[in-house]
Amino acid sequence: MQTRYLYLLKYILPITDIVMLNLVYVLSYYLTEYLGKTVSYELWQHYMVVCNLMWMFNSVIFGLYTDYGSRRLERIYRGTWRSIALHGVGFALYLLFSRDVEFSRTFLVVFYALLLGAFILNRFLGTAFQFLLVQRFNVNKKVALIGVNPTGRRLAHYLDSQYNIDFYGYLDDGSRIYADENGNLQTRFISKMVAAALSGVKDIYVSLEPHRMSEVKTFLEVADKHCLRVKFIPDMATTLATPYTISYVGDEFPVISLRKEPLESVSNRFKKRAFDVVFSLGVIIFLMSWLYPLIAILIKLQSKGPVLFKQQRSGRNDEPFWCYKFRSMKVNNDSDKKQATKDDNRITPIGKFLRKSSLDELPQFFNVLLGNMSVVGPRPHMLSHTEEYRAIINQFMVRHFLKPGITGWAQVNGFRGETKEDGAMQKRVQHDIWYLENWTAMLEVKIVFMTVINMIKGEDNAY
């Protein structure tokens, strides 16, 4: 019963959101006129549709109505305010650049103030309704657990923390053998399962080590006789030392992945690519449009050669690509082999400033638009260095699962520039892998802010 109600709430939420969005839109239109401000009729006649489409688009980006996004209250609130924030920016820009509508700041202020209040009220009422169902009408599900092992203990902690689940407890103490030598469950253990069923338990989660999977059939036979659903969770913690995730191929074949990679998700890759394109266009339009000619003149005045320096570097999946930078050195024959060092006599005066301030990396935003690079990711190395380090640095090639970045988690933590020792490169690789396994959109933004702060205060390893 509980699952049925949560299922309904999941689909009620987007419906009530759309209803509230349109009611608030209409109310804001008339309220703005009541305040004595002029509002174009076009805003009423045509742009309500745009407003709705933008909300649907934003809710998809932040997964507001997905199974994952609507499963926990904090995820709902986080997805809601993010969707409202992005909607406000997008809708305001749309109206600002639309020639056939009179832009009204008052309307936007009233609309988003009311919308935020309406959604908070909506979420509060929804939460209160769900709490009422659970507490007043006892629609929570009672579950039990078999398996006192690392995975079972983590699952017990999770089940016990869920307000819509009544955790009955363990049916074993981890020391007894459930089945005899013939594979039959012991009478004492069967009686515990019967007692659980009489107490209202509907589901039994069973955490088994891989070598005990032969007991599955026996568990299932006893559970079926007492109308108990059995759900098996393999305890891989004692077998696999590294974190793992389980997915399915064709809804039939379970696949164990030994490394968590958030960017394997299509939605996460879309978010990252959208951020790359928007951020890169902003840098190119608002910064490089006037700074590029100034830097180009200074480079030309100090040494002969092209303004841009291009070099083949290792990209995603170890595929080479042409990486662009402002030329910071005199033209030389060692660029593809020798790293820049402190007080390198190849570096020009303007080049020293560009490298210290990281402005030499600005042309790589064109690489980002082309899709060779990302704003944030592991820094790309010369092809010769990739061949050198892949042979001596453990897990070095794992960092190539991602597109290389203009900045990265390793760089903002001080691991940038010349690597004199293998240990320094190992630290860089560890940070890159941590980023790969722990990527979030907020981490992406955090790294960008940390990069800007480091550029302002300067970095010792930038030369």
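Residues numbered from 1 in each chain as written. Predicted model: local features only at pLDDT ≥ 70, side-chain atom pairs only at ≥ 80, totals over all residues. Heavy atoms only, no water.

Draft legend 1. Local environment of the overall build of the chain. On a plain count of helices and strands, the chain comes out with 15 helices and ten strands. Looking at the chain alone, contacts between residues at least 24 apart form 70% of all its contacts between residues at least 6 apart. (Helix = DSSP H or I, 4+ residues; strand = E, 2+ residues; numbered from the N terminus. Contact = heavy atoms within 4.5 Å.)

Draft legend 2. How the structure looks around the nonpolar core. Membership of the largest hydrophobic core comes to 38 residues, with the highest contact counts inside it found for Ile299, Phe326, Leu354, Leu362, Phe365, Tyr435 and Ile447. In this structure, Leu362 is in contact with Val283, Leu287, Met288, Leu291 and Phe326, ignoring residues within four places of it in sequence. The next biggest cluster of nonpolar side chains, apart from the first, holds 26 residues, and it includes Leu64, Tyr65, Ile76 and Ile84. (Core = buried A, V, L, I, M, F, W, Y, C linked by side-chain atoms within 4.5 Å. Buried < 20%, exposed > 50% of the residue type's maximum accessible area, 1.4 Å probe, protein only.)

Draft legend 3. Region of the structure containing unusual backbone geometry. The backbone of Asn317 sits at a positive phi, close to 60°, despite the residue not being glycine. The residue Asn317 is located in the loop between strand 7 (308-314) and strand 8 (320-326) in this model. In this structure, Asp318 is a non-glycine residue whose phi angle is positive, near 65°. Inspection of the secondary structure assignment puts Asp318 in the loop between strand 7 and strand 8.

Draft legend 4. Just helix 8 (residues 216-225), in detail. Listed in full, the buried residues belonging to helix 8 are Val216, Thr218, Phe219, Val222 and Ala223. Burial along helix 8 is one-sided: seen end-on, the buried residues are contained in an arc of 165°. Exposed and facing more than 90 degrees away from the buried side of helix 8 are Lys217, Asp224 and Lys225. A positive backbone phi angle near 55° is found at Cys227, which sits one or two residues after helix 8. (Arc of directions from axis to C-beta.)

Draft legend 5. A look at the environment of Tyr292. Assignment of secondary structure puts Tyr292 in helix 9 (residues 266-302). In this structure, the C-alpha to C-alpha distance between Tyr292 and Leu362, residues 70 residues apart in sequence, is 8.8 Å. Contacts of Tyr292, omitting those with residues within four sequence positions, involve Val307, Leu308 and Phe326.

Draft legend 6. Main features of a nonpolar patch on the surface. A cluster of nonpolar residues, Leu27, Leu31, Tyr34, Leu35 and Leu114, forms a patch on the protein surface that exposes about 500 Å² of accessible area. Residue contributions to the nonpolar patch peak at three residues, all from helix 1 (residues 2-34). Considering the arrangement of structural elements, one finds Tyr34 in helix 1. Classification of Tyr34 as exposed rests on a relative accessible area of 69%. (Patch = residues over 30% accessible without salt bridge, like charges linked within 9 Å, V, L, I, M, F, W, Y side chains within 5 Å. Areas by Shrake-Rupley, 256 points an atom, 1.4 Å probe, with all protein chains shown as cover. Salt bridge = Lys/Arg side-chain N within 4 Å of Asp/Glu carboxyl O.)

Draft legend 7. Fine view of the environment of Ile204. Its location among the elements puts Ile204 in strand 3 (residues 203-208). A relative accessible area of 0% means that Ile204 is categorised as buried. Spatially, the C-alpha atoms of Ile204 and Val230 are 4.9 Å apart, while their sequence positions differ by 26 residues.

Draft legend 8. Expanded view of the pattern of salt bridges. Tallying each qualifying case throughout the model produces ten salt bridges. Here Asp203 makes a salt bridge to Lys231, at a shortest N to O gap of 3.2 Å. Taken as a pair, Asp203 in strand 3 and Lys231 in strand 4 (residues 229-234) lie far apart in primary sequence, 28 residues in all. The exposure class assigned to Asp203 is buried, which follows from its relative accessible area of 2%. Among the residues examined, Lys231 registers a relative accessible area of 33% and is labelled partly exposed. Taking the shortest distance from any N to any O, the salt bridge between Glu444 and Lys272 comes out at 2.4 Å. Residue Glu444 is found in helix 15 (residues 441-457), and its partner Lys272 is found in helix 9; the two are separated by 172 residues along the sequence. In this structure, Glu444 and Lys272 share a single accessibility class: buried. In the salt-bridge network here, residues are joined through shared partners; they are Lys325, Asp360, Glu361 and Arg379.

Draft legend 9. Representation of empty space enclosed by the protein within the structure. Under the defined criterion, the tally for this structure stands at three cavities of 30 Å³ or more. In this structure, the second largest cavity spans a volume of roughly 40 Å³. Lining the second largest cavity, in full, are Ser314, Gly315, Pro378, Arg379, Pro380, Arg399, His400, Leu402 and Pro404. (1 Å grid on protein atoms, 1.4 Å probe; cavity = no way out; pocket = protein on both sides within 12 Å on 5 of 7 lines; lining within 4 Å. Points joined across faces, edges and corners; volume = space filled by probe spheres on them.)

Draft legend 10. Highlighting the side chain of Asp360. Mapped onto the elements of the fold, Asp360 is located in the loop between helix 10 (349-357) and helix 11 (364-370). Polar side-chain contacts of Asp360 include one of 3.2 Å to the side chain of Lys325. Excluding residues within four positions of it along the chain, Asp360 makes contact with Lys325, Phe326, Leu354 and Arg355. (Polar contact = N/O pair within 3.5 Å; in protein donor to acceptor, adjacent residues only side chain to side chain.)

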